[in-house]
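Understanding the architecture of this molecule
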Amino acid sequence: MAYGERYDNREGYTYDATVKGADTTFWSVIEGVIAAASGKLRISGDRVASYLQHRFGRFIFAINVPAIPAAGTTRRWGLRNPGAPTRGAAYYEQDTSTTTLFARSYDNWGNLQSTSITADTDWYAREVEYIINWEPDRIQYQINDSDGYRTLATHTTRVGTLPLALELHDTVAENFDVGYITVERPDLIA
């Protein structure tokens, strides 16, 4: 038996783009293509979701958001199943209409809770850690930037319990780059 077959990753893992690149054994390409550039996973007019699904845990997305969204742009990163996008999801989303970042969560029946977060200029053109802490009774959205760790939103009324894939999505061709994703204390579902 190989070491990888014995390793228990319920304590967590890190998808390091410098090491793994655009690994299609981990990511399913939903739209576009998947690419690696300069040690980052580049999402540029693409949408990918992990084959591995998770239930609960701490999810750290180290992402370089290139700029305030241009017209026609939507960006999304977090936990969401492409085939059932409004069942149990928890993610960050930016859209074309504002510089607002949204923390969004859905319960298992598709009911939305959304919190508007005014984006900080520190969050653009540099890698920032966007964190989702998902527990059975709450989802906490945090950030780690030049000002340190802080909580942006906490959802307690629309918290799903379904297994979810990691999802990365950017609707236009630009350099939305992911350095790593760290998953701590998840329930993993293959």
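These remarks concern the structure in this document. (Residues numbered from 1 in each chain as written. Predicted model: local features only at pLDDT ≥ 70, side-chain atom pairs only at ≥ 80, totals over all residues. Heavy atoms only, no water.)

1. Observations regarding the pairing of strand S14 (residues 164-170)
Keep this limit in mind: Each residue gets one of three labels from its accessible area relative to the maximum for its type: buried under 20%, exposed over 50%, partly exposed in between, using a 1.4 Å probe on protein chains only. Put simply, DSSP marks the helices as runs of H or I at least four residues long and the strands as runs of E at least two long, and each gets a number from the N terminus on. Strands pair, by our definition, only if DSSP identifies at least two bridges between them.
Within S14, seven of the seven residues are buried, which leaves it mostly tucked inside the rest of the structure. Of the pairings in the sheet, the one linking strand S5 (residues 47-55) to S14 comprises five bridges and is antiparallel in character. Opposite Val-48, over in S14, you have Leu-168 as the bridge partner. For strand S7 (residues 75-79) and S14, the ladder comprises five bridges, and the chain directions are antiparallel. Counted as the bridge partner of Arg-76 is His-169 from S14.

2. Some thoughts on the nonpolar core
Quick reminder of the rule: In these notes, a set of buried Ala, Val, Leu, Ile, Met, Phe, Trp, Tyr and Cys residues joined through side-chain atoms within 4.5 Å is what counts as a nonpolar core. Contacts are assigned to residue pairs that have any heavy atoms within 4.5 Å of one another.
One finds Trp-27, Phe-61, Trp-77, Tyr-130 and Leu-168 to be the most contacted residues of the largest nonpolar core, which totals 41 residues. Ignoring anything within four residues of it in the chain, the contact list for Phe-61 reads Trp-77, Gly-78, Val-128, Glu-129, Tyr-130, Ile-132, Leu-166, Leu-168, Tyr-180 and Ile-181.

3. Notes on the side chain of His-54
Condition: Two N or O atoms count as a polar contact when they lie within 3.5 Å, although within protein this holds only if one can serve as hydrogen donor and the other as acceptor, and sequence-adjacent residues are included solely when both atoms are side-chain atoms.
One can find His-54 in strand S5. In this structure His-54 comes out as buried when scored by relative accessible area, which is 0%. Side chain to side chain, His-54 and Tyr-13 meet in a polar contact 2.6 Å long.

4. Focus on the pattern of salt bridges
Any two side chains of opposite charge can pair, given that their charged atoms come close. We apply this condition: By definition, a salt bridge exists where a carboxyl oxygen of Asp or Glu is found within 4 Å of a side-chain nitrogen of Lys or Arg.
Scanning the entire structure with this criterion turns up 20 salt bridges. Residue Arg-150 is joined to Asp-120 by a salt bridge in which the shortest nitrogen-to-oxygen separation is 3.7 Å. With Arg-150 in strand S13 (residues 148-155) and Asp-120 in the loop between strand S10 (112-118) and strand S11 (127-135), the pair connects residues that are 30 residues apart, well separated along the chain. Among the residues examined, Arg-150 registers a relative accessible area of 26% and is labelled partly exposed. A residue is classified by how much of its surface remains accessible, and Asp-120, at 22% relative accessible area, is partly exposed. A cluster of three or more residues bridged by salt bridges with shared partners is formed by Glu-31, Arg-47, Arg-76, Arg-80, Glu-93, Arg-104 and Glu-167.

5. Some details on empty space enclosed by the protein
This is how the line gets drawn: A cavity here means a set of points on a 1 Å grid, drawn over the protein atoms and nothing else, where a 1.4 Å probe fits but cannot get out; a pocket is an open set with protein on both sides within 12 Å along at least five of seven lines, and a residue lines either one if it has an atom within 4 Å of a point. Grid points are joined across faces, edges and corners, and a volume is the space filled by probe spheres set on the points. The nonpolar class holds Ala, Val, Leu, Ile, Met, Phe, Trp, Tyr, Cys and Pro. Asp, Glu, Lys and Arg form the charged class, and all remaining residues, Gly among them, are polar.
Following the criterion strictly, the structure yields one cavity of 30 Å³ or more and no others. Forming the boundary of the largest cavity are Val-65, Trp-77, Gln-94, Leu-101, Ala-119, Trp-123, Tyr-124 and Tyr-130. When its residues are assigned to classes, the lining of the largest cavity shows seven nonpolar, one polar and no charged.

6. Digging into the packing of aromatic side chains
The relation between two aromatic rings is expressed through the spacing of the ring centres and the mutual angle of the planes. Condition: Two aromatic rings from Phe, Tyr or Trp, using only the six-membered ring of Trp, form a pair when their centres are within 6.5 Å; if the ring planes differ by under 30 degrees the pair is stacked, by over 60 it is edge-to-face, and anything between is tilted. Sitting over a ring, as applied to charges here, requires NZ of Lys or CZ of Arg to be within 6 Å of the ring centre and within 35 degrees of the ring normal.
Within the structure shown, the criterion is met by 12 aromatic pairs. Aromatic side chains Phe-26 and Trp-27 sit 5.0 Å apart centroid to centroid with 75° between the ring planes, which places their arrangement in the edge-to-face category. Of the two residues examined, Phe-26 and Trp-27, each falls in the buried class. Relative to Tyr-130, the ring of Trp-123 has its centre 6.5 Å away and its plane inclined at 80°; by these criteria the two rings are edge-to-face. Considered together, Trp-123 and Tyr-130 belong to a single accessibility category, that of buried residues. An aromatic cluster of three or more residues is present, and its members are Trp-77, Tyr-92, Trp-123, Tyr-130, Tyr-141 and Phe-176. The ring of Tyr-91 carries the charged tip of Arg-76 above its face, separated from the ring centre by 5.8 Å. We note Arg-104 situated over the ring of Phe-102; from NZ or CZ to the ring centre the distance is 4.1 Å.

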